[in-house]
Amino acid sequence: MVELDPCIHQPVRLKIMAALKALPSGELLEFVRLKKIVEASDGNLGAHIQMLDQAGYIAVEKDFSDNRPRTRVKLTQKGRRAFQEYVSYLRGIIEG
Amino acid sequence: MSLSRDEAAANLRTIEQAGQRSAQALGYARSSPYFSLWGVIWILGYAGSDLLPRLGYSPRNRNWLWLTLSLVGIVGTILISNRQHRAQYAADADAKRRAWLRWVGGAIVVSFFVTALRLAIGPRFEQLASVFFPLLVALFYGLASLKLGVRYFVASIAVTALTLSAYLYLPEYFLLWMAAAGGGSLILVGLWMSKV
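**Section: the overall build of chain A**
Part 1: Along chain A, the regular secondary structure elements total 4 helices and 3 strands.
Part 2: Over its C-alpha trace chain A gives a radius of gyration of 14 Å, about what one expects of a compact globule, namely 12 Å for 96 residues.
Part 3: Oriented by its inertia axes, the alpha-carbon framework of chain A measures out at about 55 × 25 × 20 Å.
Part 4: Out of the 96 residues belonging to chain A, those deemed buried represent 28%.
Part 5: Sequence-distant contacts, at least 24 apart, represent 55% of the contacts inside chain A between residues at least 6 apart.

**Notes on the overall build of chain B**
Part 1: Broken down by element type, chain B carries 7 helices and 0 strands.
Part 2: In chain B, the succession of helices and strands from N to C terminus is α-α-α-α-α-α-α.
Part 3: In terms of overall size, chain B is more extended than a compact globule, its C-alpha atoms giving a radius of gyration of 21 Å where 196 residues would be expected to give roughly 16 Å.
Part 4: Over its C-alpha atoms, taken along the principal directions, chain B stretches across nearly 80 × 40 × 30 Å.
Part 5: In chain B, which comprises 196 residues, the proportion classed as buried is 24%.

**Brief notes about the nonpolar core**
Part 1: Ile-16, Met-17, Ala-19, Leu-20 and Leu-34 of chain A together with Met-178 of chain B are the most contacted members of the largest nonpolar core, which has 50 residues in total.
Part 2: For this core, the element with the most residues is helix H1 (residues 5-54) of chain B, which contributes 11 residues.
Part 3: In this structure, Met-178 of chain B is in contact with Trp-42, Tyr-46, Ser-130, Pro-134, Thr-163 and Ala-166 of chain B, ignoring residues within four places of it in sequence.

**Points about the environment of Ala-19 of chain A**
Part 1: Here Ala-19 of chain A lies in helix H1 (residues 11-21).
Part 2: Here the alpha-carbon distance between Ala-19 of chain A and Arg-33 of chain A, two residues 14 residues apart in the chain, equals 10 Å.

**Side note on the sheet that holds strand E1 (residues 29-30) of chain A**
All names here are of chain A.
Part 1: Pairing within the open sheet is antiparallel, and its 3 strands lie in the order E1-E3-E2. The sheet is open, and its two borders are formed by E1 and strand E2 (58-65), each paired with just one other strand.
Part 2: Direction of pairing for E1 relative to strand E3 (residues 68-75): antiparallel, over a ladder of 2 bridges. From the neighbouring strand, Leu-29 faces E3, where its bridge partner is Val-73.

**Section: the confidence of the model for chain B**
Do not read the predicted coordinates in detail wherever pLDDT is low.
Part 1: For chain B, per-residue confidence averages 88 on the pLDDT scale, and residues scoring 70 or more make up 98% of the total.
Part 2: Taken over the whole predicted complex, pTM reads 0.79, whereas the ipTM for its chain interfaces reads 0.90.

**A look at the pairing of E2 of chain A**
Part 1: Relative to E3 of chain A, E2 of chain A is paired through 8 bridges, and the arrangement is antiparallel. Bridging across to E3 of chain A, Asp-63 of chain A finds its partner in Arg-70 of chain A.

**Details of the interface of chain B and chain A**
Part 1: Contacts between the two partners involve 20 residues from chain B and, on the opposite side, 16 residues from chain A.
Part 2: Ranked by residue count, the leading element in the side of chain B that touches chain A is H1 of chain B, at 14 residues.
Part 3: Tallied by class, the residues present in the side of chain B that touches chain A amount to 13 nonpolar, 5 polar and 2 charged.

**Overview of the environment of Ala-18 of chain B**
Part 1: As for its placement among the helices and strands, Ala-18 of chain B is situated in helix H1.
Part 2: Exposure remark for Ala-18 of chain B: the 23 C-beta atoms within 10 Å place this residue in the buried category.
Part 3: Ala-18 of chain B sits 159 residues away from Trp-177 of chain B along the chain, and the two C-alpha atoms are 40 Å apart.
Part 4: Residue contacts for Ala-18 of chain B: discarding those within four places in its chain leaves Lys-15, Ala-18, Ala-19 and Ile-37 of chain A.

**Remarks on unusual backbone geometry**
Residues and elements named next belong to chain A.
Part 1: If you check the backbone angles, Glu-39 has positive phi at about 60° while not being a glycine.
Part 2: With respect to the secondary-structure elements, Glu-39 resides in the loop between helix H2 (31-38) and helix H3 (42-54).
Part 3: For Glu-39, a count of 12 C-beta atoms within 10 Å puts it in the exposed group.
Part 4: One non-glycine residue, Asn-67, lies in positive phi territory at about 65°.
Part 5: Positionally, Asn-67 belongs in the loop between E2 and E3.

Rules used in this analysis
- Every chain is numbered independently, its residues counted from 1 as its sequence is written.
- Going through the entries in the order they are written, you letter the chains from A and number the ligands from 1.
- With pLDDT at 70 or above as the cut-off, local features in this predicted model cover only qualifying residues; side-chain atom pairs require 80 or more to be listed or tallied, and sums for whole chains, interfaces and linings still use all residues.
- Going along the chain from the N terminus, every DSSP run of H or I of four or more residues is numbered as a helix, and every run of E of two or more is numbered as a strand.
- Two things to know: the radius of gyration comes from C-alpha atoms, and the globule rule equals 2.2 Å times the number of residues to the power 0.38.
- Exposure is read from a count of other C-beta atoms within 10 Å of each residue's own; the residue is exposed at 12 or fewer, buried at 20 or more and partly exposed in between. C-beta atoms are placed from the backbone.
- In this description, a residue-residue contact is defined by the distance between C-beta atoms placed from the backbone, which must lie within 7 Å.
- When buried Ala, Val, Leu, Ile, Met, Phe, Trp, Tyr and Cys residues are joined through C-beta atoms within 7 Å, the set is termed a nonpolar core.
- Strand pairing is assigned whenever DSSP detects at least two bridges linking the two strands.
- On a scale of 0 to 100, pLDDT captures the predictor's confidence in every residue.
- Three classes are used: nonpolar for Ala, Val, Leu, Ile, Met, Phe, Trp, Tyr, Cys and Pro, charged for Asp, Glu, Lys and Arg, and polar for all others, with Gly counted as polar.

Encoded structure:
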């Protein structure tokens with residue numbers, strides 16, 4: 001049986017992964033927009049993004065837009081697979 | 001670590017909600033430049049339609065004005081769409097071909113529709129078109145709101161109310177009203193959608 005992925009199994013990180021999974025493949029989501037979706041503070045969101053980045057589940061891109069620093073994130077292939085396994089695990093529990 | 005059925009169901013609900021919010025936010029963000037573009041087209045079209053007769057031109061020149069602006073709007077729409085889907089098209093050339101086919105097909109369908117409408121309505125087309133097309137746009141926004149979110153519904157109500165109120169109660173200022181209030185409201189909705 002597949003183990004529960006502790007990296008995804010945390011409320012904020014679960015929302016981050018779900019928000020990114022809902023986008024077209026390769027689509028980047030801005031930090032400020034993700035913050036509103038996830039309803040987390042800057043510091044809290046930043047820490048969880050770093051954790052998912054270290055796990056290789058998301059990729060972080062930093063650049064400038066209109067002379068202002070911009071941070072964007074996207075789901076990696078590894079992250080997409082891990083998330084699908086996590087969802088399958090949850091569905092497995094519900095279906096018994 | 002193991003989860004109960006209730007915990008698993010709660011997590012699936014969280015996933016669904018976050019996914020919906022994310023998809024809706026992307027939809028709003030992507031829609032924003034289209035609203036702004038067509039808001040400017042409306043302002044130029046309706047203001048120009050009001051000004052042409054005052055400047056001594058035949059009201060029939062309004063058709064050329066709207067045709068030109070519509071072409072500018074369509075080209076702008078395609079450019080915005082290409083920019084928004086650049087990453088997707090780079091990875092999938094077939095997706096770009098399908099998108100172009102959709103644009104060309106859409107343009108042909110709309111052209112047929114407008115031509116058929118013109119033939120059916122006859123000389124009253126110009127008078128009715130200025131109120132019919134905004135209401136048709138409002139209808140599409142209303143239908144789109146069912147899938148894309150409440151901000152489309154607000155846009156639908158705003159366009160309907162602004163168009164009907166001017167057509168019924170301010171007929172002599174209708175074109176200027178549509179330029180200022182109709183076009184302006186589209187731009188405002190575009191800005192609102194970008195703030196997600």
